[in-house]
Structure formats: structure tokens, C-alpha cells
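# Coordinate inspection notes
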Amino acid sequence: DIRMTQSPASLSASLGETVNIECLASEDIYSDLAWYQQKPGKSPQLLIYNANSLQNGVPSRFSGSGSGTQYSLKINSLQSEDVATYFCQQYNNYPYTFGAGTKLELK
Amino acid sequence: EVKLVESGGGLVQPGRSLKLSCAASGFSFNDYWMGWVRQAPGKGLEWIGEINQDSSTINYTPSLKDKFTISRDNAQNTLYLQMSKLGSEDTAIYYCASLNYYSYYFDYWGQGVMVTVSS
């Protein structure tokens, strides 16, 4: 199975700050990577697919980048509604696997 | 509007079986791959598996392949997850989700249904 290592596990940031979350795959996943946001008590929602494509309706302060085994999610100008847990997922090789998540809180 | 509504969860004794349903609406269900993901309390997401449009291809995570069966009824716009030999490790919220038409990521998720395995 492809292992997805997310870092950091938790993160505290201030409003307006820029936040970066990393996801490292145990082998090349050829940009077959999605990012999801899960707010407390809610189901996950798609933010980014194909490593850097923004899902319709997602604010432009979210962006994704990376290739090969290294990927990142960037949130510019952090808003209060961005408090959530973020998960990466590879869909290059079965079984598709998720990172353990990054819990983002406000400082 | 795409809507996915899971049902069938609840409290079940260890070793028993349970079948979850996911009612889909707002899109052409029979044109899309569908899948299941679970999340144990306070934990991360686990990909269970997926099924293609005509049920000819079903993929599972290997550790669950002998316990779980994914199926669908396109006439009823419904996805199913049959779970057998349940143990405490299967206690989780179970989500159904639709896969993107052109790829294998999940673009819409249901609200989830809780399954608790306990005596």
C-alpha cells in the first residue's frame, strides 16, 4: 500500500496568516492527489484534485502544489471558517489511501 | 443538487452482520463510480472500496475484502455496503461518496452513518 505521511499533525495559526500542510507519498503518485477539508461533525469536502486543481466553489485562497512524492496545501489569509482537519488522499494505486490528517486551529 | 443519504447504521453485536444503504439523488447515478469510506471515532479516513457503473468492477482495500461487499441498484439509485463478522474495530462513521466522472477522487460525500459494534 502507498503510505501518505502528512505534516504537521496539528497546527495553530492566526487570522490572516498563511498556512502550509505537507503530504509525502511513499512512492510516486504522479499528481493523483486530492485534498479534503473536514469541519467538526461534518463530512469531508473536496478542495483540490489532481494535486493543484481547485474544486468549483472553493475559495481561491486555497491552492495545491507538488509532484512525484511531495505535495502541499496552502491556505492564504486564514479565515475563521478554515478551522478544520485536512486530509490528503492518493488515487494512483489501489488501495487508495489517506493521510492521517492535519488539525488546524486558530491561535 | 447532489444528495447522498446513508442509512442502516446503529448498534450491532460482535460477529453479526449489517447492511448500509446510500440513497443518491440530484445526478445521474448510473453514470458514476461510487465508493465507501469510514472513520473510526477521533481517527482519520479509511478507504473501503468502490464500484463502477454496471457493477462489473469492484475494488476493496485488502484488509476488508473478505468482510465487506459493495453493491448497487441503479434502478433504485442506491449504493449498498454489506458488512459481516463485525468486530469492535469496525465501529466508525461510514460515508458513501461519488467519484468524479473522469477520475478516482471523491467529489461528493454523504453525511455519514454511525455503526457501533458492541455487546
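Placed above this text is the structure.
Quantities reported herein were computed from a predicted structural model and do not represent experimental measurements.

Below, the discussion takes up the interface of chain A and chain B. If you look at the interface, chain A gives 18 residues, while chain B gives 20 residues. A buried area of about 1,500 Å², summed over both sides, lies between chain A and chain B, and 64% of it is on carbon and sulfur atoms. The largest per-residue losses of area from chain A upon contact with chain B belong to Y94, Y96 and F98 of chain A, which jointly make up 33% of the total buried on that side. Remark: the boundary between chain A and chain B carries zero salt bridges.

This next bit is on the state of the cysteines. Structurally, a disulfide amounts to a covalent bond that connects the sulfur atoms of two cysteines. Residue and element names in this part refer to chain A. Within this structure, the stated rule accounts for two disulfides over all chains. Paired through a disulfide, C23 and C88 show a sulfur-sulfur distance of 2.0 Å. Taking the torsion about the S-S bond as the criterion, the C23 to C88 disulfide, at about 55°, is right-handed. Here the residue C23 occupies a position in strand β3 (residues 19-25), and C88 occupies one in strand β9 (residues 84-90), the gap between them amounting to 65 residues.

Attention now goes to the layout of surface pockets. Reported here for the largest pocket is a volume of approximately 620 Å³. If you go around the largest pocket, you meet 28 residues; those closest to its centre are P44, Q45 and L46 of chain A together with D107 and Y108 of chain B. Contributions of two or more residues to the lining of the largest pocket are made by β5 (45-49) of chain A together with β1 (3-7) and β10 (106-109) of chain B. The residue makeup of the lining of the largest pocket, split by class, is eleven nonpolar, nine polar and eight charged. By volume, the second largest pocket is sized at about 410 Å³. If you go around the second largest pocket, you meet 25 residues; those closest to its centre are Q38 and T85 of chain A together with Q39, G42 and K43 of chain B. Those elements that provide at least two residues to the lining of the second largest pocket are β9 and β11 (102-106) of chain A together with β9 (92-99) of chain B. In terms of residue count, the dominant contributor to the lining of the second largest pocket is β11 of chain A (four residues).

The next point concerns the pattern of salt bridges. Tallied over the entire structure, the rule returns seven salt bridges over all chains. Across the pair D82 of chain A and R61 of chain A runs a salt bridge, and its minimum N-O distance is 2.7 Å. Within this pair, whereas D82 of chain A is found in the loop between β8 (70-75) and β9, its partner R61 of chain A is found in the loop between β6 (53-54) and β7 (62-67), the two being separated by 21 residues in sequence. On the basis of relative accessibility, which here comes to 17%, the residue R61 of chain A falls in the buried class. Here D90 of chain B makes a salt bridge to K67 of chain B, at a shortest N to O gap of 2.5 Å. Taken as a pair, D90 of chain B in the loop between β8 (78-83) and β9 and K67 of chain B in the loop between β6 (58-60) and β7 (68-73) lie far apart in primary sequence, 23 residues in all.

Residue and element names in this part refer to chain A. Residues S7 and P8 are joined by a peptide bond in cis, for which omega reads -5°. By the element assignment, P8 lies in the loop between β1 (4-7) and β2 (10-13). Backbone torsion omega between Y94 and P95 reads -5°, so that peptide bond is classified as cis. Within the secondary structure, P95 is located in the loop between β9 and β10 (97-98).

Moving on, we get to the sheet that holds β3 of chain A. Residue and element names in this part refer to chain A. On the basis of which strands lie adjacent, the open sheet formed by four strands has the order β1-β3-β8-β7 and antiparallel pairing. Taken across any chain shown, the strands that pair with only one partner, and hence form the sheet edges, are β1 and β7. Averaged over all pairs of adjacent strands, the angle between their axes in this sheet comes to 15°, without regard to strand direction. In the sheet, β7 pairs with β8 via six bridges, with the strands oriented antiparallel. Each residue of the ladder has a partner; that of S65, found in β8, is S72.

Criteria and thresholds
Residues numbered from 1 in each chain as written. Chains lettered and ligands numbered in written order. Predicted model: local features only at pLDDT ≥ 70, side-chain atom pairs only at ≥ 80, totals over all residues. Heavy atoms only, no water. Contact = heavy atoms within 4.5 Å. Buried area = accessible area lost by both parts, 1.4 Å probe. Salt bridge = Lys/Arg side-chain N within 4 Å of Asp/Glu carboxyl O. Disulfide = S-S within 2.5 Å. Helix = DSSP H or I, 4+ residues; strand = E, 2+ residues; numbered from the N terminus. 1 Å grid on protein atoms, 1.4 Å probe; cavity = no way out; pocket = protein on both sides within 12 Å on 5 of 7 lines; lining within 4 Å. Points joined across faces, edges and corners; volume = space filled by probe spheres on them. Nonpolar A, V, L, I, M, F, W, Y, C, P; charged D, E, K, R; others polar. Buried < 20%, exposed > 50% of the residue type's maximum accessible area, 1.4 Å probe, protein only. Pairing = 2+ DSSP bridges. Axes fitted to C-alpha atoms, helices over the stretch in contact; angles between N-to-C directions.

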